[in-house]
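Chain and residue survey
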Amino acid sequence: MSFPDSLSHLIRTDEPLAPLVWLGIGGPAHYFAQPSDNQELSQLVVAASQAKLPVRVLGSGSNVLVREAGVDGLVISLGQIAGGDVIVEGTKLSVGAGVKLSHAVIEAVGAGLAGLEHLIGIPGTVGGAVVGNASSGGRDIGSAVESITVLEPSGETTTLAQEEVGFSHRKTSLSGVTVLRVNFALEDRDVSQLTKRMQKLWINRNSARPNEERRIAMPFIDPDGMPVRELLDSVGLSGMREGDVSLDAQQPQYLIAHAGATSDQCLKLIERVREQVLLQTGIDLQLNLQIW
Ligand SMILES: Cc1cc2nc3c(=O)[nH]c(=O)nc-3n(C[C@H](O)[C@H](O)[C@H](O)COP(=O)(O)OP(=O)(O)OC[C@H]3O[C@@H](n4cnc5c(N)ncnc54)[C@H](O)[C@@H]3O)c2cc1C
């Protein structure tokens, strides 16, 4: 397909995606763009929609596994739109979707606003966190969301109230839209107490993460009532390996792509883990990781 002339300077073809995702593997995007503002983003989405070209939005790539074959259609990276787009008004926090989640949490805590601090240290953007209803310590991001603004494939923007987003355990009912902005309703708290709490949570999170380079993912959703780490450990799958991909030996909820890893190996390991867990416990482990 050809994009309108006004957009052609934004479009790259066969762009490698591996450097843009945490696992650092996978093939290219057939078409790729990194708009610098929401207007360019909207024009790209509309052009792709008119050409019936599938669109995928990339935040920080901490929850995406790209297959070796790459991605047909248009991948739009929000990396250039991030900015410092965080607005505090009373107990409300409004954040651009491309802003890093931890940055938004730090801003909230600095303003004495509670409700997001348990999410400190979760990699990724606010948009990615909302789409996947990121959670930690049994609390999800959705519970602090008041509304979100989304871009429709037609180019229209719509504001959805919390109950329209369809938040459930590690998912939402959002589909085919791009999250542009997230508005949180938070609670007034003492800044220094909140800061201490956040720092403690951050230290705990970092100490529980494998001491590896960045090529890591958290592929599975905690099943009801049990952290996936305990489940995988209890069925003896810690450290399980497939080629150059393994579950971490101490923290098996993390999948690590070692040098030479491929997406096929990741997919095989995930399938073997799911089979073993089903066989040994009857639990059908659900995937958090998005497979592109
Ligand atoms: C080390 C590590 C620890 C993690 N710990 C946790 C944890 O404790 N809790 C937890 O819930 N998750 C955790 N995750 C998973 C991951 O960090 C979250 O899912 C995160 O919210 C993904 O954000 P992202 O910007 O990287 O999204 P991406 O990986 O870029 O995208 C994920 C999905 O969201 C979609 N998406 C992203 N932005 C938008 C947007 N603006 N509009 C529409 N769709 C969009 C993408 O199309 C894709 O389908 C962890 C991951 C890693 C690697």
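In this text the structure is predicted, and so the values were computed from the model without any measurement.

Moving on, we get to the site of the ligand. Contacts to the ligand come from 34 residues, most closely from V57, G59, S62, N63 and T125. A129 is positioned with one of its backbone polar atoms (N or O) 3.3 Å from an oxygen atom of the ligand. Compared with its free state, where it exposes 970 Å², the ligand has 95% of that area covered by protein. Mapped onto the shell around the ligand, the elements with two or more residues apiece are β3 (55-58), α4 (126-131), β13 (178-185) and β15 (216-217). With four residues, the single largest contributor to the shell around the ligand is α4. Taken together, the residues that form the shell around the ligand break down as 18 nonpolar, 13 polar and three charged.

Moving on: the sheet that holds strand β16 (residues 241-242). One open sheet holds the four strands; their spatial order is β15-β18-β17-β16, and the pairing between them is antiparallel. Of all the strands in the sheet, just β15 and β16 have a single pairing partner and so form its edges. With three bridges connecting them, strand β17 (residues 245-247) and strand β18 (residues 255-257) associate as antiparallel partners. Note that in β18 the partner of V245 across the bridge is A257.

Our focus in this paragraph is unusual backbone geometry. Residue K52 is not a glycine yet carries a positive backbone phi of 55°. Of note, K52 is situated in the loop between α2 (38-50) and β3. A positive phi angle is found at R170, which is not glycine, with a value near 55°. By the secondary structure assignment, R170 is in the loop between α5 (162-165) and β13.

This brings us to the side chain of S263. Assignment of secondary structure puts S263 in helix α8 (residues 263-281). By relative accessible area, S263 is classed as buried at 0%. Filtering out sequence-adjacent residues up to four positions away, S263 remains in contact with I25, G26, L65, V66, R67 and E68.

Another aspect to go through is α8. For α8, which comprises 19 residues, the first-to-last C-alpha distance of 27 Å matches the rise-based estimate of 27 Å (1.5 Å per residue) to within 8%. Of the surrounding secondary structure, the elements contacted by the buried residues of α8 are β4 (64-65), α7 (228-234), β16, β17 and β18. Positive phi appears at G282, one or two residues downstream of α8, with a value of about 80°.

Time to look at the domain arrangement of the protein. Each assigned domain of the protein is listed here: domain 1 (5-77), domain 2 (86-207) and domain 3 (216-291). The distance between the C-alpha centroids of domain 2 and domain 3 comes to 27 Å.

As a packed pair, helix α3 (residues 101-110) and helix α6 (residues 191-207) sit with axes 9 Å apart at the nearest point and diverge in direction by 155°. Considering the angle they form, α3 stands roughly antiparallel to α6. Every residue of α6 that contacts α3 at V105, I106, V109 and G110 is listed here: V191, L194, T195, M198 and W202. Among the residues forming the contact of α3 with α6, the class breakdown is seven nonpolar, two polar and no charged.

Ordered by their spatial adjacency, five strands build an open sheet running β6-β7-β13-β11-β12, and the pairing between neighbours is antiparallel. The outermost strands of the open sheet, each flanked by one partner alone, are β6 (86-89) and β12 (157-161). Strand after strand, the sheet turns through a mean of 15° between neighbouring axes, direction not considered. For strand β7 (residues 92-96) and β13, the ladder comprises five bridges, and the chain directions are antiparallel. When the bridges of β13 are listed, L93 appears paired with F184.

Attention now moves to the environment of I203. Note that I203 resides in helix α6. The exposure class of I203 is exposed, given its relative accessible area of 58%. In this structure the C-alpha to C-alpha distance between I203 and G121, which are 82 residues apart in sequence, comes to 9.0 Å.

Here is what the cut-offs are and how they apply
Residues numbered from 1 in each chain as written. Predicted model: local features only at pLDDT ≥ 70, side-chain atom pairs only at ≥ 80, totals over all residues. Heavy atoms only, no water. Near = heavy atom within 4 Å. Polar contact = N/O pair within 3.5 Å; in protein donor to acceptor, adjacent residues only side chain to side chain. Areas by Shrake-Rupley, 256 points an atom, 1.4 Å probe, with all protein chains shown as cover. Helix = DSSP H or I, 4+ residues; strand = E, 2+ residues; numbered from the N terminus. Nonpolar A, V, L, I, M, F, W, Y, C, P; charged D, E, K, R; others polar. Pairing = 2+ DSSP bridges. Buried < 20%, exposed > 50% of the residue type's maximum accessible area, 1.4 Å probe, protein only. Contact = heavy atoms within 4.5 Å. Expected span 1.5 Å × (residues − 1). Domains from an automatic or database assignment. Axes fitted to C-alpha atoms, helices over the stretch in contact; angles between N-to-C directions. Parallel < 35°, antiparallel > 145°, perpendicular 65-115°, else oblique.

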